[in-house]
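# Summary of the model geometry
Residues per chain are reported as follows:
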Amino acid sequence: MDEEILVYEQEEVYTLPTSQDELSVSGKLRILEKRHGVVIEWRCSDDETSADSEWAVINTAAVTFTHHNVSDSVEIATPRRNVRPISIELIDLRSYKIGDDGSLVLIQRDGTTHPALAFHSGSVAFFVEVLHRYVAVKNSEKDRNLYLVSDKRQAALDDELSAMNLVPDRRGPGGGWAGGGGGHAHWSNTQQRVWGFFNNLKRDPYTTTISTLSKFYDAVLYNDVEGSVRESDCEDDVAELFHSLNGFEDLEPGYELLTKKGTLSERPSVDRLAPITHDDFQQFVDDDGRVLEVHQLKQRIFKGGIHPNLRRELWCYLLGYSEWNGTYIQREERKRERENYYFTMKQQWKTISEDQENRFTGFKERKSLIEKDVNRTDRNHPFFEGEHNPNVTLLHDILMTYVMYNFDLGYVQGMSDLLAPILYVTQHEATAFWCFVGYMNMVYRNFDMDQSGMKQQLMDVHQIVRVVDPELMSYLEVRDSANFYFCFRWLLVRFKRELNYANTLRLWEVLWTGQPCPNFHLLVAVALLDTERNTIMENKFGFTEILKHINDISLRIDLEATLKKAEAIYRQIASSPNVPDSVRTVLGLPKQEKPKAAQPQQTTKKGTDAEAQPESNISSGEGTVATDGGGGGLVSVVSSMIGSAVRHLSGDDLSIVTLDGATEHEQEKQFEAALSHQFV
């Protein structure tokens, strides 16, 4: 066994439960010096002498009381928590988070995000102090709770370069940043970005030059549209552009797809309400049982969800099993008709003989797939756990009957995940079936054989993120992650595997209202990405690491905060001008009238051989935009500077033509050549 030295040990370090049904598990947190390096370990206290330390199963005698959704009966359940021990070599630690409550989350370079640890005795500060002996730690610029870990030698080299003051501070007389305001609040990191740029320039001159020139082109062109390019502010513009080169510190050779940073309104703050109760619902019902003011009722459900005791009744409305304008008598008649229809279809597949089944390949294959899936759907939930559970049989029968109801679609893996919570809430076979039919009518495109429905949703997320967070969009494109495949599971089963059961029920009923817009689930996905953006970008995660990180945050999502953010993003987009029509269509917003294209103008340049030269008119995709000589001068200066650097560092005579004095045709040709490598 390797020799090891115990450097740090703290007992009573607990995992934070992700729901009320989970237990907090106590363990020991250690830092050990081993032959191969320094290791951080956390192990469950009860697992210290276990022979199988790779997987600790905690099953105590404590009980929790879970109210059924329909009645006031009480179900006694034994909480369980599967706890995987933590073991991280220090060279694999990329960052850590310290929550406002003092909890600690460790994040590895491969994207693995470990459960939050709470210090019931002692303090996280001492752990961090010991950590500082081995690594350099820097607080994130964008997330005050995130701390980035790096090698001490590399950090010292960066500090030495910064100390040379080759990129001077631009502090004003009062110690504030030149130009005042909050626009230059991040100037403290300018030196790091500039050095990152030149490092990439030396490593891959051509790619870096093309990417950087395109950034300057994009900024100068669109800033001119907004009337914000001024001769006196050229220095400030260059500074801001260097800040926009996010990710250049560790950019691999390749081309970056640039985005136009739209102008969005300020994101508002929104509030959530308590779940709607039976007394609240009765205010919307008349004496005959008709539901009045359905739109207002849906808005109320969207803002707070439904109380568990009312959930079964209102789910039948939201999923189309009960009609909003039906009376008590009409609903009972419809219920009897629907039940008879269900059991007629159920009898059809039950009477298919084995001999018939052998000549009915499509039916046989779907039946086999259903049998496999139901045996692994939510089997850790008390409603479905155990051998020979009748609820599992009901799950099977409902899915088989749906095959007979909609044989064109039949059964596709993932449908059982959508049915299980509905059966748990309704606890009635025929009711669960027709509610499931209503849900499938909403999400059937998720199960297209060619996955066209899922691909379209991922494209829609792509478009929304491009508008809401161009910086994140640019980062994902550089990391070959702009396909958003890491959101696939979120959208396929509507976040069911990312949330505990109670939160899944709450989210689904919110989505079923169709408020405040269609496709609100896409905004939930964007809100989750917005929450994790700093962790992803600061840790420089690529696609594989992002996928690992997204999987690891399952069951750790704050649903109420996410719903608030998703609604706020919707209101921000709805109130913002110049949002692309493609995004407005996805969110059910009316299209905006496009302004007329700017007319070309002639400008006279003094001090040149040519007496007159037409302004450059470059198509931006939104219309024709005119740029003046001031914007061209900025690009000219930067182009000349970068061109000289490229020729010097690469030893090649790369032909970088400055834009100053170039004709309109030449400018268009240059930018088309540059952007053709980026826009695919």
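Numbers given to residues run from 1 along each chain, matching the order in which its sequence is written. Thresholds applied to this predicted model are a pLDDT of at least 70 for local features of residues and 80 or more for the giving and counting of side-chain atom pairs; totals over whole chains, interfaces and linings are not thresholded and use all residues. Heavy atoms from the whole structure form the basis of all side-chain values; hydrogens and water molecules are not counted.

Right, let's talk about the pattern of salt bridges for a bit. Salt-bridge detection follows one rule: a side-chain nitrogen of Lys or Arg within 4 Å of a carboxyl oxygen of Asp or Glu. Taken as a whole and assessed by the stated rule, the structure comprises 34 salt bridges. We note a salt bridge from E9 to R30, for which the minimum N-O separation is 2.8 Å. Of this pair, E9 sits in strand β1 (residues 4-15) while R30 is found in strand β2 (residues 26-34), placing the two residues 21 residues apart along the sequence. Accessibility here uses a 1.4 Å probe with only protein chains present; expressed as a share of the type maximum, an area under 20% marks a residue as buried, one over 50% as exposed, and anything in between as partly exposed. Classification of R30 by relative accessible area gives buried; the value is 15%. For the salt bridge of K303 with E567, the shortest nitrogen-to-oxygen distance reads 3.2 Å. Taken together, the residues span a long stretch of sequence, with K303 in helix α7 (residues 294-304) and E567 in helix α21 (residues 559-574) at a distance of 264 residues. Taken together, the shared-partner salt bridges in this structure form one network comprising E4, K34, E41 and R43. Only DSSP runs of H or I reaching four residues or more are called helices, and only runs of E reaching two or more are called strands; each is numbered from the N terminus.

In this section: the environment of L476. Here L476 shows up in helix α16 (residues 470-478). Contacts between residues were defined by any pair of non-hydrogen atoms, one from each residue, lying within 4.5 Å. Sequence-distant contacts of L476, defined by excluding residues within four places in its chain, comprise S481, A482, F484, F486 and I546.

Only Phe, Tyr and Trp rings take part, Trp by its six-membered ring, and two of them pair if their centres are within 6.5 Å. Stacked means planes under 30 degrees apart, edge-to-face means over 60, and tilted covers everything else. One pass over the full model with this rule turns up 26 aromatic pairs. Between W315 and W512 the ring centres are 4.7 Å apart and the planes differ by 80 degrees, which places this aromatic pair in the edge-to-face class. A residue pair is termed long-range when its members are at least 10 positions apart, and W315 in helix α8 (residues 308-318) and W512 in helix α18 (residues 501-512) qualify at 197 residues. Both residues of the pair, W315 and W512, count as buried. Taken together, the aromatic side chains of Y341, Y342, F343, Y402, Y405, F433, W434 and F436 make up a single cluster linked through ring pairs. Consider the ring centre and the ring normal. A charge sits over the ring if Lys NZ or Arg CZ is within 6 Å of that centre and within 35 degrees of that normal. The residue whose ring lies beneath R272 is F302, and the NZ or CZ to ring-centre distance is 5.8 Å.

This next bit is on helix α9 (residues 328-350). Over its 23 residues, α9 runs 33 Å from end to end, which matches the ideal 33 Å to within 8%, given 1.5 Å per residue. Among all positions of α9, only R331, Y342, M345, K346 and W349 are buried. One fewer than the residue count of a helix, multiplied by 1.5 Å, yields its expected span.

With axes taken as lines fitted to C-alpha atoms, and helix axes fitted only over the stretch in contact, angles between N-to-C directions fall between 0 and 180 degrees. Following both chains from N to C, one finds α8 and helix α13 (residues 415-426) inclined at 120 degrees, their axes separated by 9 Å at the closest point. With respect to each other, α8 and α13 are oriented oblique. Contact with α8, carried on its side by R311, R312 and W315, involves P421, I422, V425 and T426 of α13 and no other residues of that element. In the scheme used here, Gly and all other residues not listed as nonpolar or charged are polar, with Ala, Val, Leu, Ile, Met, Phe, Trp, Tyr, Cys and Pro taken as nonpolar and Asp, Glu, Lys and Arg as charged. Of the residues that constitute the contact of α8 with α13, the class distribution is four nonpolar, one polar and two charged. When describing relative orientation, an angle under 35 degrees is termed roughly parallel and one over 145 degrees roughly antiparallel, while 65 to 115 degrees is termed roughly perpendicular and anything else oblique.

Below, the discussion takes up the side chain of R494. In this structure, R494 sits in the loop between α17 (488-492) and α18. Buried charged residue R494 carries no salt bridge. Nearest counter-charge: D460, at 9.8 Å. Definition of a polar contact: a pair of N or O atoms within 3.5 Å, with one able to donate and the other able to accept a hydrogen when the atoms are protein atoms, and with sequence-neighbouring residues admitted only if both atoms are side-chain atoms. Polar contacts involving the side chain of R494 include one to the main-chain carbonyl oxygen of L491, which spans 2.7 Å. The contacts of R494, once residues within four sequence positions are left out, are Y439, V443, N446, Q457, R489, L507, W508, L511 and H521. By the counting rule applied here, Lys and Arg register as positive and Asp and Glu as negative, while His and the ends of each chain are not counted.

A separate point is unusual backbone geometry. Most peptide bonds are trans, and most residues other than glycine sit at a negative phi. Cis geometry is adopted by the peptide bond preceding P516, which originates at Q515 and carries an omega value of -10 degrees. Positive phi values are uncommon outside glycine, yet H388 reaches one of about 55 degrees. Accessibility expressed as a relative area gives 79% for H388, which makes it exposed.

Right, let's talk about the confidence of the model for the protein for a bit. The share of residues in the protein with pLDDT of 70 or more is 66%, and the mean pLDDT across the chain is 76. No element of the protein has a lower mean pLDDT than strand β5 (residues 64-67), which averages 36, and none a higher one than helix α14 (residues 429-443), which averages 97. Per-residue confidence from the prediction method is given by pLDDT, with values spanning 0 to 100. Overall, residues 602-633 carries pLDDT values under 50, and its contacts beyond four positions in sequence, including any with other chains, amount to 49 contacts. Here residues 666-680 is a poorly scored stretch, pLDDT under 50, and it has 28 contacts once near neighbours within four places are set aside; other chains count.

Here the focus is α7. It helps to recall that an α-helix has 3.6 residues per turn; residues three or four apart then point in one direction. Residues of α7 that are buried: L297, I301, F302, K303 and G304. As for α7, its buried residues are in contact with α6 (278-282), α8, α18, α19 (520-538) and α21. Following α7 by one or two positions, G305 has its phi on the positive side, about 80 degrees.

Core analysis: the biggest nonpolar cluster contains 116 residues, and I464, F484 and L587 have the highest contact counts within it. Setting aside residues no more than four positions away along its own chain, F484 makes contact with L458, V461, H462, V465, M473, L476 and L529. Listed in part, the 26 residues of the second largest apolar core include V25, I40, L117 and F127. Nonpolar cores are built from buried Ala, Val, Leu, Ile, Met, Phe, Trp, Tyr and Cys residues. Side-chain atoms within 4.5 Å join them into one set.

Structurally, the position occupied by Q413 is in the loop between α12 (390-405) and α13. For Q413, a relative accessible area of 47% gives the class partly exposed. Along the backbone, Q413 and F447 are 34 residues apart, and their C-alpha atoms lie at a distance of 8.3 Å. Sequence-distant contacts of Q413, that is, excluding residues within four places in its chain, are made with L369, D373, R376 and F447.

Before going further, it helps to spend a moment on the pairing of β2. By the criterion of burial, β2 is predominantly enclosed, with seven of the nine residues buried. The pairing of β1 with β2 spans eight bridges and is classified as antiparallel. The residue bridging V13 from the neighbouring strand is G27, located in β2. Pairing between strands is defined by DSSP: at least two bridges between them are needed. In this structure, β2 lies alongside strand β3 (residues 37-44), joined through eight bridges in antiparallel fashion. Paired with E33 across the bridge in β3 is V38.

Another point: the packing of α8 against α14. Interhelical geometry of α8 versus α14 gives an angle of 45 degrees and a closest axis separation of 9 Å. Between α8 and α14, the interaxial angle falls into the category oblique. α8 and α14 meet at a crossing whose hand is left-handed. In contact with R312, W315, C316 and L318 of α8, α14 contributes T431, C435 and M442. Looking at the contact of α8 with α14 residue by residue, the class counts come to five nonpolar, one polar and one charged. In this scheme, a crossing is called left-handed if the near helix is turned counterclockwise away from the far one by less than a right angle; it is called right-handed if the turn is clockwise.

Along the polypeptide, E365 turns up in helix α11 (residues 361-374). Among the residues examined, E365 registers a relative accessible area of 53% and is labelled exposed. With 46 residues separating them along the chain, E365 and Y411 place their C-alpha atoms 9.5 Å apart.

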